[in-house]
Amino acid sequence: MFTGIITGLGRIVAIQSLGSSSDHGKRLTIEAPAGYLDDVGLGDSIALNGACMTATSLDLPQNRFTIDISAESLAKTTGLAETGPINLEKALRAHDRLGGHIVSGHVDGIGRVTHFAEVGESWELRILAPRELGKYLAYKGSITVNGVSLTVNRVADLAGDEGGTELSINLIPHTVQNTALGQLAAGSRVNLEIDLIARYVERMLGDTHNNISKKP
């Protein structure tokens, strides 16, 4: 489990294929900030842009670690198949502060940035989320964008062929400067994870007939 509070800004520095076909995944080498890996052990969970991954090797002198990501995970996420900056968060410990919200590290869908611009002292980020995630998004609710816990300021369900739900988020300068969100631009794709509580509320109150397997 995670909180959506980014604890380090890393960089994917190398990508190695784990096989010759599209069914094979990749091995990523990530460079972390100095000292970031001092309390990390093999097998520990680290979220990369909001996707929970397992550290498969550690190179402490070089501040680097590797993860193996499957073809399925690559297909369901974005930003993990090319080199560049990446948000890092170590798994939540029982005595840690829950500064953001409860985050599982499981990406629910990929959104597209429609607008990212400075407004006064902060930044407005608008994202078009897939239509199926719209019912989980609410004014002042929580959402995780590339692993960052953020508050939704506005929600608009869009009609037409594009469809989907556009959400607006306000980013303070600290968030822009200390996460990889500052690298976004209109057209960028981002990993989205909906609020865990919203997921369970929809399950309890929504129409679940098509999701429940009935025993004869």
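Calculation rules
- Residues numbered from 1 in each chain as written.
- Predicted model: local features only at pLDDT ≥ 70, side-chain atom pairs only at ≥ 80, totals over all residues.
- Heavy atoms only, no water.
- Core = buried A, V, L, I, M, F, W, Y, C linked by side-chain atoms within 4.5 Å.
- Buried < 20%, exposed > 50% of the residue type's maximum accessible area, 1.4 Å probe, protein only.
- Helix = DSSP H or I, 4+ residues; strand = E, 2+ residues; numbered from the N terminus.
- Patch = residues over 30% accessible without salt bridge, like charges linked within 9 Å, V, L, I, M, F, W, Y side chains within 5 Å.
- Areas by Shrake-Rupley, 256 points an atom, 1.4 Å probe, with all protein chains shown as cover.
- Salt bridge = Lys/Arg side-chain N within 4 Å of Asp/Glu carboxyl O.
- Pairing = 2+ DSSP bridges.
- Axes fitted to C-alpha atoms, helices over the stretch in contact; angles between N-to-C directions.
- 1 Å grid on protein atoms, 1.4 Å probe; cavity = no way out; pocket = protein on both sides within 12 Å on 5 of 7 lines; lining within 4 Å.
- Points joined across faces, edges and corners; volume = space filled by probe spheres on them.
- Contact = heavy atoms within 4.5 Å.
- Polar contact = N/O pair within 3.5 Å; in protein donor to acceptor, adjacent residues only side chain to side chain.

Participant: A description of the nonpolar core should follow, citing residues and the corresponding values.
Facilitator: Core analysis: the biggest nonpolar cluster contains 23 residues, and Ile127, Val145 and Ile169 have the highest contact counts within it. Breaking this core down by element, the ones donating at least two residues are strand 7 (109-119), strand 8 (122-129), strand 9 (142-145), strand 10 (148-157), strand 11 (165-171) and strand 12 (189-194).

Participant: An account of a nonpolar patch on the surface is needed here, citing residue identities and associated values.
Facilitator: Together, Ile197, Tyr200, Val201, Met204 and Leu205 line one region of the surface with nonpolar side chains, adding up to about 600 Å² of accessible area. Within the element layout of this structure, Met204 appears in helix 3 (residues 196-205).

Participant: Got a sec to walk through the sheet that holds strand 12? Specific residues and values, please.
Facilitator: Backbone-to-backbone hydrogen bonds join strands into a sheet, with any given pair of strands oriented parallel or antiparallel. With respect to topology, six strands assemble into a closed barrel ordered 7-8-11-10-9-12, the strand pairing being antiparallel. On average, each strand axis in the sheet is tilted by 45° relative to the strand beside it, whichever way the strands run. Across three bridges, the pairing between strand 9 and strand 12 is antiparallel. In the sheet register, Ile143 faces strand 12, and the bridge partner there is Ile194.

Participant: Which residues make up the pairing of strand 10, and what values go with them?
Facilitator: Where a strand is regular, its side chains alternate between the two sheet faces. Where strand 9 lies against strand 10, four bridges are found, and the strand directions are antiparallel. Within strand 10, the position partnered with Val145 by the bridge is Val148. In textbook terms, the turn of a hairpin is the stretch between consecutive antiparallel strands, and for strand 9 and strand 10 this stretch comprises two residues, one of which, Asn146, has a positive phi near 50°. Where strand 10 and strand 11 come together, five bridges link them in antiparallel fashion. Along strand 11, the bridge assignment pairs Asp157 with Thr165.

Participant: Which residues make up empty space enclosed by the protein, and what values do they have?
Facilitator: Empty space among the atoms becomes apparent when a probe as large as a water molecule is rolled across them. The final tally for this structure, using the stated rule, is one cavity of 30 Å³ or more. Taken as a whole, the largest cavity holds about 60 Å³ of empty space. If you go around the largest cavity, you meet 14 residues; those closest to its centre are Phe2, Ala47, Gly50, Glu89 and Gly147. In terms of residues, the lining of the largest cavity owes the most to one element, strand 6 (residues 84-90), which gives three residues.

Participant: Describe the environment of Asn87, listing the residues and the values that go with them.
Facilitator: When you line up the elements, Asn87 lands in strand 6. Accessibility expressed as a relative area gives 1% for Asn87, which makes it buried. Excluding anything up to four places from it in sequence, Asn87 contacts Ile6, Gly8, Leu9, Ala47, Leu48, Asn49, Asn146, Val148, Thr179, Ala180 and Leu181. Separated by 2.6 Å, the side chain of Asn87 and the backbone nitrogen of Ala180 make a polar contact.

Participant: Mind laying out the pattern of salt bridges, listing which residues take part and the relevant values?
Facilitator: Evaluation of the coordinates by the stated rule reveals nine salt bridges. Across the pair Asp39 and Arg93 runs a salt bridge whose closest N-O atoms are separated by 3.9 Å. Pair noted here: Asp39 is in the loop between strand 2 (26-31) and strand 3 (45-48) and Arg93 is in the loop between strand 6 and strand 7, with a separation of 54 residues, a long-range link. Arg93 sits in the partly exposed class, given a relative accessible area of 46%.

Participant: Could you give an account of the sheet that holds strand 2, with specific residues and numbers?
Facilitator: In space, the six strands of this closed barrel follow the order 1-2-5-4-3-6, with antiparallel pairing throughout. Strand after strand, the sheet turns through a mean of 45° between neighbouring axes, direction not considered. Where strand 3 lies against strand 6, three bridges are found, and the strand directions are antiparallel. Across the sheet, the residue bridging to Leu48 is Leu88, located in strand 6.

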